[in-house]
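Each chain, letter by letter, is given below.
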Amino acid sequence: MGKSSLLQAGLFPKLRQDNILPITIRLDFNEGSTSFNEQLFAAIAQQVQENSIESPPHIANETLWEYFHRKDAEFWDKRNRILFPLLCFDQFEEIFTLGRENQKRIVELNEFINELADLVEGRCPEKVKTRLEICPDEAKNFNFSRHPYKLIFSLREDYLADLEGLRRLIPSVIHNRFRLAHMNGQQALAVVNQTKGRLMASSVAQTIVRLVSGKQGEQQQELSALRIEPALLSLICRELNEQRIKDKASQIDALLVASNREQILENFYQRSLDEHSPELRWFIEDKLITVSGFRNSEAYDNALGISGVTAEALDQLVQCRLLRLEERDGNKRIELIHDVLTGVVRNSRDQRMLQEEQKQVEQERFEAQKREQAATEALNKSKRNTLILGILTCACIVATAFSAWNWWHVQQATSKAQHALAVGDFREAQRHYGNNDLLHALAYLANSVRMDQDWTSSRTLLVNLLQQRHWNLPWTAMTHKSYVRSAAFSPDGTRVVTASYDNTARLWDVLPVILDTDNLLATLAETVANIRFVEYGGIEKLDNRIEGLNQLRQQTANAPLGEPTAESFTRWFLSDPWTRTVSPLSKQTVPKYIQQQIAVGRREQMVQQFPGHPLLRPTAASDQ
C-alpha cells in the first residue's frame, strides 16, 4: 500500500468518525485543464455532494482565504452536525515535477501556491486587505481569528527539500510533519506470515522479506535492521501468489522466490502486457511516465484516441493492478498504480528505444550495403558499356550529322515549294490587277503572303494596293437620330464611342476577339476582298464582312501609328479615311493635307485622289 491508500483506507474513516470531512485533491497540470483554484473548488463540490453535505457557496473570483474565513463558511452533514474540512493534497510532489514542466502554467501555479500559503498561515491576502481598506464594512463578513479547516500535503520523501523551499511563504511546513516510514523486517514478516504456514513456510516468508529489502546472502542482517517498502512487499507477495495459483501449487516454495525483486516486477509488467497490442505498451511507456522517469497521468479520452488502445484493454490493466483509473475535476485520468513501477517501465522504454535505434542502424547499414553493391554493379556495367558507348557515340555523330543534313534539305525543299506556290499566286494577283479585278488580286496576294511570309514582293504589292486605292469599306450600323459626326475605339478596343449632329453621344460594346496576328496583312486583304482561297484552288465568300472588319479594328485598336508593322498599317487602313493621317508613317491628317493642296491650286488633283471627301464637295459658288 502507498500513501494514497493509507490515507483513504486507514486515516480518513477514523477522521470521519470525529466529524472531520476529508476532501482529496489531486491537481491536474495538463495544459487544457481548468485553473488550480477551480480544480480545488470542483473537488470540494463533488465530495460534499457525494456525502450529502451542505457547504458554503463558492463566489466567483474569491480567494481560498475568503472562502474558508467567511462567517457563513460552515459544512453541515445530514445529521445537522458541523464538519471540520480537511484539504488533503495527494501527490503534492507533482507541483515540483509536472507543474514545473508546463512553462505556460508556471505563473498560475506560483499564484496558487501564494494563495495556499495565505490559507495555511491564516493570513489575509494583500489584495483582500487593500479592498477592505477601501470598503471597511466588508470586514464584518469575515472571521480573522478562527481557522475552521486543516490541510494535509502528501508527497514522496525525496521531495521534502523542495517542500522546505516554500518555508519563506509557508513557515508551518516545518511543523506537524509525519513520515510514512518503511517497515522493518520483523513488521514485514508479521504481515507476510499472517497465513501461519498455510500458503508458505516461515523460512519462505523470511526469504520474501529479505528479497524485498535486497539483503540476501550469507552475511544477513537482523530482521529488525531491514527497511521494507510496503508497496513493493504487497506487489511481490501478490505476484508470488498469482504464480502459485497458476502452477496449481498449495504453497509458495523457495524456488519460486529465487529470483530478485526487479525480475518479479519486470515479469509482472511483461505478463500484464503480453496479450495486448504494442501500441498499448508504447502508450504506457511514452505517456504515463515523463522523460526523466516520473509518474504521469493522461486523460482517459486521449488514451482511447490512440490507435491500438481500447477501453477493454485499459480495464484489464486496471483489474490486474498495473494501472489506476481515477476521476479529477469531472474528467477520467489513467496512470500507473504506484511509483515503484516507474523504474521497470522506464527500463522497458529504454530497451525498446535502444532496439529501435539498433534496428534503424541495421536498416541504414543494409541500405548502405545495397547502395555500395549497386554502385559496384553500376561501375562494372559502366566499364562494359564504355566501349559500346564509344562505338555508339561515333555512330550517333554520323547519324546526327546525316539527320541534320537531311533535315536541312527537307526544309530547303519545303521552303522552295512554298516559295514556288507564293510566286504562282503573286503572278495571278498581277494578272488580276492588270485586268482591274482588284478583289481577286487581293485574295491571291493574301494567299501568297501566307505561303511565304519572308518574301517582300507579295507583301509590298499587297500594302501598295490597299494604300493606293480607295476602298468603300462597310461599317457597323450605329444609329443616331442625325448624322454621325465622329467615332473612336477605346484604348483596349472593347468599346466604341460615337458623336452625332443630334448633340448626343453613344457608347457601344464590342465583343472580344483573338486573331492570328502572324498573317494579319493576309487576313486584312481577304476581309477587304470578302473572298479567300481554300484547298485545291477553290474560292469561298466570307460570311460576315462587317464582323471581320470590326474584329480587325478591335485587334489593332492599341497599335501605335508611325511604325512599319502589320498592326499599325491595319489600324490606319481601317480608320476613317476622311480623318486619318495621309499614310501610316505620316503625322499629317487628310483634312489638313487637302486644305494645303487646295490653297496652292491643286483642287482637281485632290478630287481625284480623295473622291467624295466632304472638303471637296462642290460649293454654291463653284456650282454657278
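For clarity, every value in this text was computed on a predicted model and none was experimentally measured. (Residues numbered from 1 in each chain as written. Predicted model: local features only at pLDDT ≥ 70, side-chain atom pairs only at ≥ 80, totals over all residues. Heavy atoms only, no water.)

Enquirer: Break down the packing of aromatic side chains for me, citing the residues and quoting the values.
Expert: For the structure shown, the criterion picks out 15 aromatic pairs. Ring centres of Tyr-67 and Phe-68 lie 4.9 Å apart, and the angle between their planes is 90 degrees; this geometry places the pair in the edge-to-face category. As far as burial versus exposure is concerned, Tyr-67 and Phe-68 are alike and both buried. When the centroid spacing of 6.3 Å and the interplanar angle of 90 degrees are considered together, the rings of Phe-92 and Phe-96 count as edge-to-face. You'll find Phe-92 and Phe-96 in the same group, each marked buried. In this structure an aromatic cluster arises from ring pairing among Phe-29, Phe-36, Phe-89, Phe-92, Phe-96, Phe-112 and Phe-153. Stacked on the ring of Phe-36, the Lys or Arg Arg-105 has its end atom at 4.6 Å from the ring centre. Over the face of the ring belonging to Trp-572 we find Arg-580, whose NZ or CZ atom lies 4.1 Å from the ring centre. (Phe/Tyr/Trp six-rings, centres within 6.5 Å; stacked < 30°, edge-to-face > 60°. Buried < 20%, exposed > 50% of the residue type's maximum accessible area, 1.4 Å probe, protein only. Lys NZ or Arg CZ within 6 Å of the ring centre and 35° of its normal.)

Enquirer: Mind laying out the nonpolar core, listing which residues take part and the relevant values?
Expert: In terms of nonpolar packing, the biggest core is built from 44 residues, with Ile-208, Phe-283, Ile-284, Leu-322 and Leu-323 touching the most fellow members. Among the elements that make up this core, the one with the highest residue count is helix H9 (residues 202-213) (six residues). Setting aside residues no more than four positions away along its own chain, Phe-283 makes contact with Leu-288, Glu-298, Ala-303, Ile-306, Val-309, Leu-314 and Ile-334. One finds Phe-41, Val-48, Leu-98 and Leu-109 within the second-largest nonpolar core, a separate group that totals 36 residues. (Core = buried A, V, L, I, M, F, W, Y, C linked by side-chain atoms within 4.5 Å. Helix = DSSP H or I, 4+ residues; strand = E, 2+ residues; numbered from the N terminus. Contact = heavy atoms within 4.5 Å.)

Enquirer: Please set out the side chain of Ser-33 residue by residue, giving values where relevant.
Expert: Among the secondary structure elements, Ser-33 is positioned in the loop between strand S1 (20-25) and helix H2 (36-50). Classification of Ser-33 by relative accessible area gives buried; the value is 19%. Engagement of the side chain of Ser-33 in a polar contact is seen with the backbone oxygen of Asp-28, the distance being 3.1 Å. A distance of 2.7 Å separates the side chain of Ser-33 from the backbone oxygen of Asn-30, its partner in a polar contact. Discounting residues that sit within four places of it in the chain, Ser-33 has contacts with Asp-28, Gln-39 and Arg-105. (Polar contact = N/O pair within 3.5 Å; in protein donor to acceptor, adjacent residues only side chain to side chain.)

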